[in-house]
Amino acid sequence: ATLRGDKARQHLRSEEHFDLLVTDMRMWPITGMDLIKVAHEIRPSMPVILISAYLNPQVEEEAIKLGVTRAIRKPWAIDDLLNIVKETIQKAAAKT
């Protein structure tokens, strides 16, 4: 886990194993959308959950085109997020 987009990008490029990427849209110094692009170049089958207070139909459409599995609008309840994470990982596992 990291708060910086550039650090997250470094983790994705490493040999570490990840089952899921959960990212906010607004990060620094790269955006969540940029991070999603990198994630799908490096790990195309990894599911992605995008979280943002700035979701609108246009942003959601762009996110889906980038391969986002789920988009969640802030604020969210932790139980809802945990359920979405669980469902997303289970669906990804069923595809393999």
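Residues numbered from 1 in each chain as written. Predicted model: local features only at pLDDT ≥ 70, side-chain atom pairs only at ≥ 80, totals over all residues. Heavy atoms only, no water.

Asker: I tried to follow helix H2 (residues 32–42) on my own but got confused; where do I start?
Answerer: All of the buried residues along H2 are Gly32, Met33, Leu35, Ile36, Val38, Ala39 and His40. Residues of H2 that are buried sit in contact with helix H1 (5–13), strand S1 (21–24), strand S2 (48–52) and helix H3 (57–65). (Buried < 20%, exposed > 50% of the residue type's maximum accessible area, 1.4 Å probe, protein only. Helix = DSSP H or I, 4+ residues; strand = E, 2+ residues; numbered from the N terminus. Contact = heavy atoms within 4.5 Å.)

Asker: In this structure, what is going on with the pattern of salt bridges? I would like to understand it.
Answerer: Side chains that carry opposite charge are capable of pairing whenever their charged atoms lie near each other. This model, assessed by the stated rule, comprises 6 salt bridges. Here glutamate 87 and arginine 70 are joined by a salt bridge, their closest N and O atoms 3.5 Å apart. Separated by 17 residues along the polypeptide, glutamate 87 in helix H4 (residues 78–95) and arginine 70 in strand S3 (residues 70–73) bring together distant segments of the chain. Since its relative accessible area comes to 37%, glutamate 87 is described here as partly exposed. (Salt bridge = Lys/Arg side-chain N within 4 Å of Asp/Glu carboxyl O.)

Asker: Explanation requested: a nonpolar patch on the surface in the structure shown.
Answerer: A surface patch of nonpolar side chains, about 290 Å² in accessible area, is lined by Trp76, Ile78 and Leu82. With respect to the element layout, tryptophan 76 can be found in the loop between S3 and H4. (Patch = residues over 30% accessible without salt bridge, like charges linked within 9 Å, V, L, I, M, F, W, Y side chains within 5 Å. Areas by Shrake-Rupley, 256 points an atom, 1.4 Å probe, with all protein chains shown as cover.)

Asker: Teacher, can you tell me more about the pairing of S2 here?
Answerer: Two faces belong to every sheet, and in a regular strand the side chains alternate between them. Taking burial as the measure, the 5 residues of S2 include 5 buried ones, the bulk of the element. Side chains Val48, Leu50 and Ser52 project from S2 onto one buried face, and the interleaved Ile49 and Ile51 project onto a second face that is buried too. Summarising the sheet, S1 and S2 pair through 4 bridges and their orientation is parallel. Bridge pairing in S2 links threonine 23 to leucine 50. The β-α-β motif built from S1, the intervening H2 and the parallel element S2 has right-handed crossover chirality. Across 4 bridges, the pairing between S2 and S3 is parallel. Its bridge partner lying in S3, isoleucine 51 is registered against isoleucine 72. A crossover connection joins S2 to the parallel S3 through H3; in handedness this β-α-β unit is right-handed. (Pairing = 2+ DSSP bridges. Right-handed = clockwise from strand over helix to strand, strands pointing away.)

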